[in-house]
Amino acid sequence: MVFDHVGMPEAGTQVPAGGVKSGEGLEQAALRETAEETGLLTATVIRQIAVEDKPHPDTGQSRRTSFFYLQAPTDTPDAWEHRVHGDGDDAGLTFACRFLPLPLKQPLADDQDAWLGGIDRRWNTVTGDSQ
């Protein structure tokens, strides 16, 4: 599942992401961020896919990112909009959420799709180089 910031196309298509709060585990953080940014309250973690160390694309600060494979309930719609509540940086933003068929035809923002092949090698993003 991916989302776009409604009214901010320059942000690109991306997966739910964010930081880990004090005392929170990585899986808890992934589920919390997914709920905050998409409204999906009952997604479950299947497994961790990868850990990546690379600079933040906007700030250049060092950053460690953990990627998780999540499963949404079978009755989740194919597409919906969600307005973020709370007091975080994205509070008040509306995200257009949707599921995309795999493999993706275009990379996600900040190459967030790079680890899809770690779930299933057939899910590697299709690029001009591999066609």
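Residues numbered from 1 in each chain as written. Predicted model: local features only at pLDDT ≥ 70, side-chain atom pairs only at ≥ 80, totals over all residues. Heavy atoms only, no water.

## Quick notes on the packing of aromatic side chains
Then, in step 1: All told, the structure shown has three aromatic pairs when counted by the stated rule.
Then, in step 2: Where Phe-67 meets Trp-115, the ring centres are 6.5 Å apart and the plane angle is 45 degrees; that geometry is what we call tilted. In this pair, Phe-67 sits in strand E3 (residues 64–71) while Trp-115 sits in the segment after strand E5 (94–98), placing the two residues 48 residues apart along the sequence.
Then, in step 3: Under the relative-accessibility criterion, Trp-115 is labelled partly exposed at 31%.
Then, in step 4: Residues Trp-80 and Phe-99 carry aromatic rings whose centres are separated by 5.8 Å and whose planes lie at 50 degrees to one another, so their mutual orientation is tilted. Taken as a pair, Trp-80 in strand E4 (residues 79–83) and Phe-99 in the segment after E5 lie far apart in primary sequence, 19 residues in all. (Phe/Tyr/Trp six-rings, centres within 6.5 Å; stacked < 30°, edge-to-face > 60°. Helix = DSSP H or I, 4+ residues; strand = E, 2+ residues; numbered from the N terminus. Buried < 20%, exposed > 50% of the residue type's maximum accessible area, 1.4 Å probe, protein only.)

## Thoughts on the nonpolar core
Then, in step 1: Formed by Phe-3, Leu-40, Trp-80, Val-84, Phe-95 and Cys-97, the largest nonpolar core amounts to six residues.
Then, in step 2: Among residues more than four places away in sequence, those in contact with Leu-40 are Met-1, Thr-34, Ala-35, Ala-72, Thr-76 and Trp-80.
Then, in step 3: Counting five residues, the second largest nonpolar core, distinct from the first, contains Val-2, Leu-104, Leu-108 and Ile-119. (Core = buried A, V, L, I, M, F, W, Y, C linked by side-chain atoms within 4.5 Å. Contact = heavy atoms within 4.5 Å.)

## With respect to the environment of Asp-53
Then, in step 1: Secondary-structure assignment places Asp-53 in strand E2 (residues 44–53).
Then, in step 2: In this structure the C-alpha to C-alpha distance between Asp-53 and Arg-64, which are eleven residues apart in sequence, comes to 4.5 Å.
Then, in step 3: Ignoring sequence-local partners within four residues, the contact set of Asp-53 consists of Arg-63 and Arg-64.
Then, in step 4: Within the local environment of Asp-53, its side chain forms a polar contact with the side chain of Arg-64, the two groups lying 2.8 Å apart. (Polar contact = N/O pair within 3.5 Å; in protein donor to acceptor, adjacent residues only side chain to side chain.)

## Observations regarding the pattern of salt bridges
Then, in step 1: Tallied over the full model, the rule gives seven salt bridges.
Then, in step 2: Linking Arg-64 and Asp-53 is a salt bridge whose minimum nitrogen-to-oxygen distance equals 2.8 Å. In this pair, Arg-64 is assigned in strand E3 and Asp-53 in strand E2, connecting sequence segments eleven residues apart. For the pair shown, Arg-64 and Asp-53 are each scored as exposed.
Then, in step 3: With its nearest N and O atoms 2.5 Å apart, the salt bridge here joins Arg-122 to Asp-120.
Then, in step 4: With relative accessibility at 61%, the residue Arg-122 sits in the exposed group.
Then, in step 5: Three or more residues are tied together by salt bridges with common partners; here these are Glu-24, Arg-32, Glu-33 and Glu-36. (Salt bridge = Lys/Arg side-chain N within 4 Å of Asp/Glu carboxyl O.)

## Overview of the environment of Val-51
Then, in step 1: Mapped onto the elements of the fold, Val-51 is located in strand E2.
Then, in step 2: For the pair Val-51 and Phe-67, spaced 16 residues apart in the sequence, the C-alpha separation amounts to 6.3 Å.
Then, in step 3: Setting aside chain neighbours within four positions, we find Val-51 in contact with Arg-64, Thr-65 and Ser-66.

Any link to function would need more than the numbers given here.
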